[in-house]
Amino acid sequence: MRPYRRRAHRTEPAGGGGPAWATLETLAHRLSPGEARDLITELPEGLAEAVRRGTTDRIERFGHYDSVRRVAERTMLKEDEADRGVRTVLAVLREAISEKEFNDLMSQLGTDFSQALESAG
């Protein structure tokens, strides 16, 4: 996680707004409060805050495409750029957090997120 932490602190604007922040905040809408808390414990504080902000008591149901659209709207990126960003964040999370936590995260996100991650390589 350490190399990503350094990159994240350099590239994410203060207070969020960058692709990683927008992706984590968006994905948090899909998570139960308990799963969000578990994820927060494994992220550096700046990125954990994005998950905190996105966490609600009500789990939203939306797929990978809708998450890409939401990230694009939040960041003013084109959808293909947002899609690459979402896939990149998922790939970094796969390497950065524990295997158990990543599996729990992906089970709540759903099959289309897993497929998007696998198609990214």
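What you are looking at is a predicted structure, and each value in this text was computed from that prediction instead of being measured. (Residues numbered from 1 in each chain as written. Predicted model: local features only at pLDDT ≥ 70, side-chain atom pairs only at ≥ 80, totals over all residues. Heavy atoms only, no water.)

A few points about helix 3 (residues 33-41)
Where helix 3 is concerned, the buried positions are Glu35, Ala36, Leu39 and Ile40. Buried residues of helix 3, viewed axially, fall in a sector of 140°; they line one side. Opposite its buried face, helix 3 presents the exposed residues Arg37 and Thr41, each directed more than 90 degrees away. (Buried < 20%, exposed > 50% of the residue type's maximum accessible area, 1.4 Å probe, protein only. Helix = DSSP H or I, 4+ residues; strand = E, 2+ residues; numbered from the N terminus. Arc of directions from axis to C-beta.)

What about the packing of aromatic side chains?
According to the stated counting rule, one finds zero aromatic pairs in the structure shown. Its guanidinium or amino end placed over the ring of Phe62, Arg30 lies 5.8 Å from that ring's centre, counting from NZ or CZ. (Phe/Tyr/Trp six-rings, centres within 6.5 Å; stacked < 30°, edge-to-face > 60°. Lys NZ or Arg CZ within 6 Å of the ring centre and 35° of its normal.)

Topic: helix 5 (residues 64-75)
Residues three or four positions apart in an α-helix share a direction because the helix packs 3.6 residues into each turn. A rise of 1.5 Å per residue sets the reference length of helix 5, with its 12 residues, at 16 Å; its end C-alpha atoms lie 16 Å apart and thus fit the reference within 8%. Among all positions of helix 5, only His64, Ser67, Val68, Val71, Ala72 and Thr75 are buried. Buried residues in helix 5, looked at end-on, bunch into an arc of 135°, giving them a common side. Downstream of helix 5 by one or two residues, Met76 has phi in the positive range, about 65°. (Expected span 1.5 Å × (residues − 1).)

Focus: the confidence of the model for the chain
Confidence in the prediction of the chain, expressed as mean pLDDT, is 88, and 84% of residues score 70 or more. Of the regions scoring below 50 in pLDDT, residues 1-14 engages in 16 contacts with residues more than four places distant in sequence or in other chains. (pLDDT = per-residue confidence, 0-100. Contact = heavy atoms within 4.5 Å.)

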